[in-house]
Amino acid sequence: MKKNTRLITGLGVFTAIVLVLQLTGAAIKFGVFSITLTLAPIIVGAALYGIGAGAWLGLVFGVAVLISGDAAPFLAVSPAGTVVTVLLKGALAGVAAAAVYKAVEKKNTFAAVIVSGITAPVVNTGVFVIGCLVFFMPTINEWAAAAGVESAGKFIITGMVGINFLVELAVNLVLSTVIVRIIEVLRKQMKRDNQNNA
């Protein structure tokens, strides 16, 4: 019972962090879209609480993207395609980051954070690109032509996701030592709580 209470409390805290970071970070734009500052707390939450937590926090991130207005240009084209793409990219980024972290953690915590820090933006951006290809190509072709870019693929990579992906990846890598320290401190606290409640 107490373990469940700690899990719910911990996820509540990380949920709030993800919401605040995404809603305030929506104002920081590199290129067309805002950068994602929420991948670091998703990685920490996933590392502490597992794949289900990664999926939940990624889903919360997706909802915050929809609320923030960041997806407005896509909502105008295909509301259903936008909701599916945004929620799926967030949830899968959280699941992938958690799965990779769990797989590598036994060998080295720092390596686990680095690999999950790379995995989260790769999956987030990759699913976004797939969503663009599936739901929005006619519109993206028009956007590319209006911007004077000869191909929609080049426009997606250079105009829509390239800079954002690199910034998100850099933020995760720069924060990796901080993320490791946070995980270690929170794990020790959880272990102490478990011993005190035993």
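The rules behind these values
- Residues numbered from 1 in each chain as written.
- Predicted model: local features only at pLDDT ≥ 70, side-chain atom pairs only at ≥ 80, totals over all residues.
- Heavy atoms only, no water.
- Helix = DSSP H or I, 4+ residues; strand = E, 2+ residues; numbered from the N terminus.
- Buried < 20%, exposed > 50% of the residue type's maximum accessible area, 1.4 Å probe, protein only.
- Contact = heavy atoms within 4.5 Å.
- Areas by Shrake-Rupley, 256 points an atom, 1.4 Å probe, with all protein chains shown as cover.
- Core = buried A, V, L, I, M, F, W, Y, C linked by side-chain atoms within 4.5 Å.
- Phe/Tyr/Trp six-rings, centres within 6.5 Å; stacked < 30°, edge-to-face > 60°.
- Patch = residues over 30% accessible without salt bridge, like charges linked within 9 Å, V, L, I, M, F, W, Y side chains within 5 Å.
- Salt bridge = Lys/Arg side-chain N within 4 Å of Asp/Glu carboxyl O.
- pLDDT = per-residue confidence, 0-100.

Undergrad: Quick one: what's the story with the overall build of the protein chain, residue by residue and with numbers?
TA: Counting secondary structure elements, the protein chain contains nine helices and two strands. Sequence-ordered secondary structure for the protein chain, helices as α and strands as β, is α-β-β-α-α-α-α-α-α-α-α. With 198 residues in all, the protein chain has 43% of them scored as buried. A separation threshold of at least 6 residues defines the contact pool for the protein chain, and within that pool the share at least 24 residues apart is 71%. If you sum the accessible surface of the protein chain, you get close to 9,600 Å²; carbon and sulfur atoms cover 72% of it.

Undergrad: Residue-level account of the environment of Phe136, with values.
TA: Relative to the helices and strands, Phe136 is located in the loop between helix H6 (109–135) and helix H7 (137–146). A relative accessible area of 3% places Phe136 in the buried class. Along the backbone, Phe136 and Phe74 are 62 residues apart, and their C-alpha atoms lie at a distance of 7.7 Å. Those residues in contact with Phe136 that lie beyond four places of it in its chain are Phe74, Val77, Ser78, Gly81, Thr82, Thr85 and Gly131.

Undergrad: Give a description of the nonpolar core that names residues and reports values.
TA: The biggest cluster of nonpolar side chains holds 25 residues, and the ones touching the most others in it are Ile179 and Ile183. Among the elements of the structure, helix H1 (2–25), helix H2 (39–49), helix H3 (51–68), helix H5 (79–105), H6 and helix H9 (176–197) are those that each provide at least two residues to this core. For this core, the element with the most residues is H2, which contributes seven residues. Excluding anything up to four places from it in sequence, Ile183 contacts Val44, Ala47, Leu48, Tyr101 and Val113. Judged by nonpolar contacts, the second largest core, of 14 residues, contains Val129, Cys132, Ala144 and Val149.

Undergrad: Can you break down H2 residue by residue, with the values?
TA: Of all 11 residues that make up H2, 10 are buried, and the element is covered over most of its length. For H2, the full list of buried residues reads Leu39, Ala40, Pro41, Ile42, Ile43, Val44, Gly45, Ala46, Ala47 and Leu48. Immediately beyond the C-terminal end of H2, within one or two residues, lies Gly50, with a positive phi of roughly 100 degrees.

Undergrad: Residues and numbers for the packing of aromatic side chains, please.
TA: Overall, the coordinates contain five aromatic pairs when judged by the stated rule. On the basis of an interplanar angle of 70 degrees and a centroid distance of 6.3 Å, the ring pair of Phe14 and Tyr49 is categorised as edge-to-face. With a gap of 35 residues between them, Phe14 in helix H1 and Tyr49 in helix H2 connect regions that are remote in the sequence. By relative accessible area, which is 8% here, Phe14 ends up buried. Judged by its relative accessible area of 21%, Tyr49 is partly exposed. Grouping aromatic residues by their ring pairs yields a cluster made of Phe74, Phe128, Phe135, Phe136 and Trp143.

Undergrad: Give me the lowdown on a nonpolar patch on the surface, citing residues and values where you can.
TA: Where nonpolar side chains cluster on the molecular surface, the patch consists of Val84, Leu88, Leu92, Ile130, Leu133, Val134 and Phe135 and spans about 610 Å² of accessible area. Contributions of two or more residues to the nonpolar patch are made by H5 and H6. If you tally residues by element for the nonpolar patch, the top one is H6, at four residues. Mapped onto the elements, Val134 comes out in helix H6. Judged by its relative accessible area of 57%, Val134 is exposed.

Undergrad: Break down the pattern of salt bridges for me, citing the residues and quoting the values.
TA: The final tally for this structure, using the stated rule, is one salt bridge. A salt bridge links Glu150 to Lys154; the nearest nitrogen and oxygen atoms lie 3.2 Å apart. Looking at Lys154, the relative accessible area reads 40%, which means it is partly exposed.

Undergrad: Please give an account of the confidence of the model for the protein chain that cites residues and values.
TA: Scored by pLDDT, the protein chain has a mean of 84; 89% of the residues are at 70 or more. Within the protein chain, the lowest mean pLDDT, 60, falls on strand E1 (residues 29–30), and the highest, 94, falls on H5.

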